[in-house]
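Working through the structure, step by step
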Amino acid sequence: MEASRELLLQKMLKAANDARISYLKAIHAARNRDFDKAKNLLETGDGQVDIGHEIHTSLMQGTPPLSGQELMLMLHAEDQLTGAEGNKALAVESIHIYQAMQCTRTGIGSHAV
């Protein structure tokens, strides 16, 4: 496996994992009623997903095409990136629910993320 492509694939995996962790931390922040922190964590996760997509695009346009072990690592990284994006959807919905619960408790209007 070409070292530079292997490094890029590892960076893609790390970006996907960092995004996933940020989205899960956003849910925890919202549960603790820290909606500003939750919003910042969503943005951090989005930045990591962007990094993952940039790497993915560059690897897909590379020559020669990925094959063998590189291709398997790419499929794993793509799966992790897709999973992170699913965690974002869960985080956004969870934050909205926690915000609605907070508004119900306090009687104050919404605090949209």
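Quick note: structure is the one above.
Residues numbered from 1 in each chain as written. Predicted model: local features only at pLDDT ≥ 70, side-chain atom pairs only at ≥ 80, totals over all residues. Heavy atoms only, no water.

Attention shifts here to the overall build of the chain. Tallying secondary structure elements over the chain gives three helices and zero strands in all. Order of helices (α) and strands (β) in the chain, N terminus to C terminus: α-α-α. Here the chain has a C-alpha radius of gyration of 17 Å; the compact-globule value for 113 residues is 13 Å, and the former is much larger. Seen through its C-alpha atoms, the chain measures out along the principal axes to roughly 60 × 20 × 15 Å. The buried share of the chain, taken over its 113 residues, is 32%. (Helix = DSSP H or I, 4+ residues; strand = E, 2+ residues; numbered from the N terminus. Rg over C-alpha atoms; globule rule 2.2 N^0.38 Å. Buried < 20%, exposed > 50% of the residue type's maximum accessible area, 1.4 Å probe, protein only.)

Turning our attention to unusual backbone geometry. If you check the backbone angles, Arg33 has positive phi at about 65° while not being a glycine. By secondary structure assignment, the location of Arg33 is in the loop between α1 (3-31) and α2 (35-60).

Where nonpolar side chains cluster on the molecular surface, the patch consists of Leu71, Met72 and Leu75 and spans about 290 Å² of accessible area. Residue placement: Leu75 occurs in helix α3 (residues 68-106). (Patch = residues over 30% accessible without salt bridge, like charges linked within 9 Å, V, L, I, M, F, W, Y side chains within 5 Å. Areas by Shrake-Rupley, 256 points an atom, 1.4 Å probe, with all protein chains shown as cover. Salt bridge = Lys/Arg side-chain N within 4 Å of Asp/Glu carboxyl O.)

All right, on to the pattern of salt bridges then. The tally for this structure, following the rule as stated, stands at three salt bridges. When the shortest N-O distance is used, the salt bridge between Asp18 and Lys14 registers 2.6 Å. Of this pair, Asp18 and Lys14 both sit in helix α1, four residues apart, which is roughly one turn of the helix. As a salt-bridge pair, Lys88 and Asp46 come within 3.0 Å of each other at their nearest N and O atoms. Of this pair, Lys88 sits in helix α3 while Asp46 is found in helix α2, placing the two residues 42 residues apart along the sequence.

Further remarks concern the side chain of Asn87. By the element assignment, Asn87 lies in helix α3. Apart from residues lying up to four places away in sequence, Asn87 is in contact with Arg20, Tyr23 and Leu24. (Contact = heavy atoms within 4.5 Å.)

Our focus in this paragraph is the environment of Leu8. Mapping Leu8 onto the fold places it in helix α1. Through-space distance from the C-alpha of Leu8 to that of Ser58 is 9.2 Å; in sequence the pair is 50 residues apart. Excluding anything up to four places from it in sequence, Leu8 contacts Ile55, Ser58 and Leu59.

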